[in-house]
Amino acid sequence: MNEIITLCLEIIFWFALFIVFYTYLGYGIVLYVLVKLKELFVKPVKRSLPASDAGLPEVTLFITAFNEEDVIDEKMENSLELDYPADKLHIVWVTDGSNDRTKERQKTPWQGKATIHFQPLRQGKTAAMTRGMTLVDTPLVVFTDANTMVNREAIQEIVLAFQDPKVGCVAGEKRIAVQTKDGAAAGGEGIYWKYESTLKALDARLYSAVGAAGELFAVRRELFEAMEPDTLLDDFILSLRITMKGYTIAYCTNAYAIESGSADMREEEKRKVRIAAGGLQSIWRLRPLLNPFRYGTLSFQYTSHRVLRWSITPFLLFALFPLNIAILLLGGSAIFYGVLLAMQVLFYGLGYWGYYLSTKQIKNKLLFIPYYFLFMNVNVLKGIRYLKKKKGSGAWEKAKRAEK
């Protein structure tokens, strides 16, 4: 009887280990191979912008803001320095519910430089986007956050990507400004986003990027559709619904937004928990995308890159340790499973050590990796409770960013 139970536990253990490996490393390897195979037969098409400014489309730079008085001046200076004809670029701020001096700072000294849509009622970022988009009439809309700075060539690069008629959304690259004094929050976030950017670029080369980050992304105005007011990941839901209409998401590494990492791990936890909750919400609202017979390659990418991370993988990750112990207790190979258990103990130990050092403000990039990895997966589990708590509300508490 013990042999049967042990065999069942071993099957579950190896299944769990495979899913964890595939989610975080295996998919990247498979993706890289598929991209290389595809590009042996299909060469990327090089496109160019119109020869004169007259041929460039009008673009709206759409900025949502809630209590952002401290960054308005820097954001406006950054926006006005973008390399795009001034008569073709319209800067729009939508600020709902701000109770600081956000509205006043937008008007002085920037009167006439931007259009401001303000309402006193705070309903959340998604509602603000929906309201603001009814007032936009340019063919292309670039969304960006108030606290992120965009590189000078970003708008041109985004417009260039839209030269492909199959592209309905362009995802810019998110970069974390990591200072030498930054701790685990900014350091771990920076490492994570570098890896994410690599996967997104490969996704786009295979077929389509799987979602866009709200720090910088753009859509064709006619493809925008109002989202449920309680949507937590508006950028992700909006961009994926565009792909469900038959368009693709281009990933543009030459258009990037830079922001500071979270101020500390407590602030980073707020962000990660909300994203995890939004991921679970997105899986339900985008459930038709799980059908590979309808969406083919996109369904494969979506499931591999996003769904697994936000659903079963964290549970399977934390199940590996007790499963490993149970197999050993029931007579599994003492050497083989003993080594695997020792490796898990070492990994968790390094993660805890990274946590301990972060509480002492000691910087160690090597230990950021196991610490941040475990931290992300724990917060996926916490996201379930957050989603229940925030049900029906689109307003959320912003995580504080590290000072520059």
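In the block above lies the structure referred to throughout.
An account of the accompanying structure is given in this report. (Residues numbered from 1 in each chain as written. Predicted model: local features only at pLDDT ≥ 70, side-chain atom pairs only at ≥ 80, totals over all residues. Heavy atoms only, no water.)

### A few points about helix α10 (residues 312-329)
Between its first and last C-alpha, α10 extends 26 Å over 18 residues, near the 26 Å set by a 1.5 Å rise per residue. Remark: the principal bend of α10, roughly 35°, maps to L320, with a proline, P322, within the next four residues. Of the positions making up α10, those classed as buried are T313, P314, L316, L317, L320, L323, N324 and I327. G331 sits one or two residues past α10 and shows a positive phi near 105°. (Helix = DSSP H or I, 4+ residues; strand = E, 2+ residues; numbered from the N terminus. Expected span 1.5 Å × (residues − 1). Bend = angle between axes of the 7 residues up to and from the residue. Buried < 20%, exposed > 50% of the residue type's maximum accessible area, 1.4 Å probe, protein only.)

### Details of the packing of aromatic side chains
Two aromatic rings are characterised by how far apart their centres lie and by the angle between their planes. Using the criterion set out here, one finds 20 aromatic pairs in the structure. Ring plane angle 20° and centroid distance 6.1 Å describe the contact between F18 and Y22, whose orientation is recorded as stacked. Taken as a pair, F18 and Y22 lie in helix α1 (residues 2-41) at a separation of four residues, close to a single helical turn. Aromatic ring contacts, followed pair by pair, group Y24, F321, F347, Y348 and F373 into a single cluster. Positioned over the ring face of Y256 is R175, at 3.7 Å from the centre of the ring. (Phe/Tyr/Trp six-rings, centres within 6.5 Å; stacked < 30°, edge-to-face > 60°. Lys NZ or Arg CZ within 6 Å of the ring centre and 35° of its normal.)

### Description of the environment of F318
Tracing the sequence through the fold places F318 in helix α10. Taking relative accessible area as the criterion, F318 reaches 24% and is therefore assigned partly exposed. As for F318 and V378, which are separated by 60 residues in sequence, their C-alpha atoms are 8.9 Å apart. The residues contacting F318, other than those within four sequence positions of it, are Y348, L374, N377, V378 and L381. (Contact = heavy atoms within 4.5 Å.)

### A word on the nonpolar core
Side chains that are nonpolar tend, in soluble globular proteins, to be buried together. Within the largest apolar cluster, 35 residues are counted, with the highest numbers of intra-cluster contacts made by F62, M129, F143, F217, V219, L238 and Y302. Those elements that place two or more of their residues in this core are β2 (89-96), α4 (125-133), β4 (140-145), β6 (167-177), β7 (216-220), α7 (234-243), β8 (248-260) and α9 (292-310). By size, the runner-up hydrophobic cluster in this structure holds 32 residues, among which are L61, L82, W93 and A255. (Core = buried A, V, L, I, M, F, W, Y, C linked by side-chain atoms within 4.5 Å.)

### Remarks on the sheet that holds β7
In spatial order, the strands read β3-β2-β1-β4-β7-β6-β8-β5; together these eight strands make up an open sheet with mixed pairing. Edge positions in the open sheet fall to β3 (115-119) and β5 (149-150), since each of these has one partner strand only. Pairing between β2 and β3: five bridges, direction parallel. Counterpart to T95 in the pairing with β3 is F118. (Pairing = 2+ DSSP bridges.)

### Some thoughts on the packing of α1 against helix α11 (residues 334-359)
The N-to-C vectors of α1 and α11 enclose an angle of 40°; their axes lie 14 Å apart at closest approach. Accordingly, the angle class assigned to the pair α1 and α11 is oblique. Between α1 and α11 lies a crossing whose hand is left-handed. Across the interface between the two elements, E10, F13 and W14 of α1 pack against F336, Y337, L340 and Q344 of α11. In terms of residue class, the contact of α1 with α11 is built from five nonpolar, one polar and one charged. (Axes fitted to C-alpha atoms, helices over the stretch in contact; angles between N-to-C directions. Parallel < 35°, antiparallel > 145°, perpendicular 65-115°, else oblique. Left-handed = near helix turned anticlockwise from the far one by under 90°. Nonpolar A, V, L, I, M, F, W, Y, C, P; charged D, E, K, R; others polar.)

### Here's the deal with the side chain of E10
Along the polypeptide, E10 turns up in helix α1. Within the buried core, E10 has no salt-bridge partner, and the shortest N-O distance to an opposite charge, that of R309, equals 28 Å. Discounting residues that sit within four places of it in the chain, E10 has contacts with I327 and Y337. (Lys, Arg positive; Asp, Glu negative; His and termini not counted. Salt bridge = Lys/Arg side-chain N within 4 Å of Asp/Glu carboxyl O.)

### Notes on the pattern of salt bridges
Enumeration according to the criterion identifies 14 salt bridges in this entry. The salt bridge involving E225 is made with K245; its shortest N-O contact spans 3.2 Å. Of this pair, E225 sits in the loop between β7 and α7 while K245 sits in the loop between α7 and β8, placing them 20 residues apart in sequence. What makes E225 partly exposed here is its relative accessible area of 27%. With relative accessibility at 39%, the residue K245 sits in the partly exposed group. R241 is the salt-bridge partner of E228, the closest N and O atoms lying 3.2 Å from each other.

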